Amino acid sequence: MPPPRPRIRPPPSSSSSTISNTNTPSQTAITLIPPTNTQLRLNLHVKPNASQGRIISVNPENITISISEAARDGEANVGVVAFIAEVLGARKSDMQLISGFKSRDKVVRVEVEGLKWFGRARGKEKEDLKEVGVVEMVLRRLRERVDGEEEGG
């Protein structure tokens, strides 16, 4: 039996105008969502139908990833959430696809408290977290996993 699919929910209508806009030059690949700064917004460019999930690049505008799921019947959306959750050490339930349901450019919202390492940071990682902040720590984790090989999709 296949594993259960994570919930892909459209964003609530009251907040969609502030977080579901498409990428613009002023936006960055990862941003904290105000006013509480307890959530991150990840701007992704997705390449479906790859042999495996991997991070291709992290640049100022977006994070380019490949996933093995096909862009059919929401399979790629589920694959994106699962892959990013695995990379960031988060539960899939703490992530939500909020934009790009039928596009290769997607926006995923991540609950900062859901990052397993966030609450358990100790020693050097805790000092780094205080010094550079959660956005930089997430960028570091993503860059550690970059695999620059391009693959069709």
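As the structure is a computational prediction, the values presented were derived from the model and not from experiment.

A. Representation of the pairing of strand 3 (residues 54-58). Most of strand 3 is tucked away: four of the five residues are buried. Sheet analysis places strand 3 next to strand 4 (residues 63-66), joined by four bridges and oriented antiparallel. Residue pairing in the sheet places R54 in a bridge with S66 of strand 4. Connecting strand 3 to the antiparallel partner strand 4 that follows it, the hairpin turn spans four residues.

B. How the structure looks around unusual backbone geometry. Cis rather than trans, the peptide bond between P34 and P35 has omega equal to 10 degrees. One can find P35 in the loop between strand 1 (30-32) and strand 2 (39-47). Despite not being glycine, N49 has its phi angle at roughly 65 degrees, a positive value. For N49, the position within the fold is in the loop between strand 2 and strand 3. Classification of N49 by relative accessible area gives partly exposed; the value is 46%.

C. Summary view of the pattern of salt bridges. Overall, the coordinates contain six salt bridges when judged by the stated rule. In this structure, R72 engages E75 in a salt bridge whose closest nitrogen and oxygen atoms are separated by 3.6 Å. Where R140 meets E136, a salt bridge forms, and the shortest distance between an N and an O atom there is 3.8 Å. Taken together, the residues span about one helical turn, with R140 and E136 both in helix 4 (residues 123-144) at a distance of four residues. For R140, a relative accessible area of 33% corresponds to the partly exposed category. Among the ionic contacts, a cluster of salt bridges with common partners joins E136, R140 and R143.

D. Inspection of the pairing of strand 5 (residues 95-99) at higher detail. Counting buried positions along strand 5 gives five out of five residues, so the element sits mostly inside the fold. As paired elements, strand 5 and strand 6 (residues 105-111) share four bridges and run antiparallel to each other. Paired with M95 across the strands is V110, a residue of strand 6. Here strand 5 hands over to strand 6 after five residues, with G100 in that stretch at a positive phi of 90 degrees.

E. Seen up close, the environment of F83. Its place among the elements puts F83 in helix 2 (residues 75-88). Put simply, F83 and G53 are 30 residues apart on the chain and 6.8 Å apart in space, counted from C-alpha to C-alpha. With near-sequence residues (within four places) excluded, F83 lies in contact with G53, R54, I55, I65, I67 and R145.

Cut-offs and rules
Residues numbered from 1 in each chain as written. Predicted model: local features only at pLDDT ≥ 70, side-chain atom pairs only at ≥ 80, totals over all residues. Heavy atoms only, no water. Buried < 20%, exposed > 50% of the residue type's maximum accessible area, 1.4 Å probe, protein only. Helix = DSSP H or I, 4+ residues; strand = E, 2+ residues; numbered from the N terminus. Pairing = 2+ DSSP bridges. Salt bridge = Lys/Arg side-chain N within 4 Å of Asp/Glu carboxyl O. Contact = heavy atoms within 4.5 Å.

Just geometry here; none of it tells us what the structure is for.
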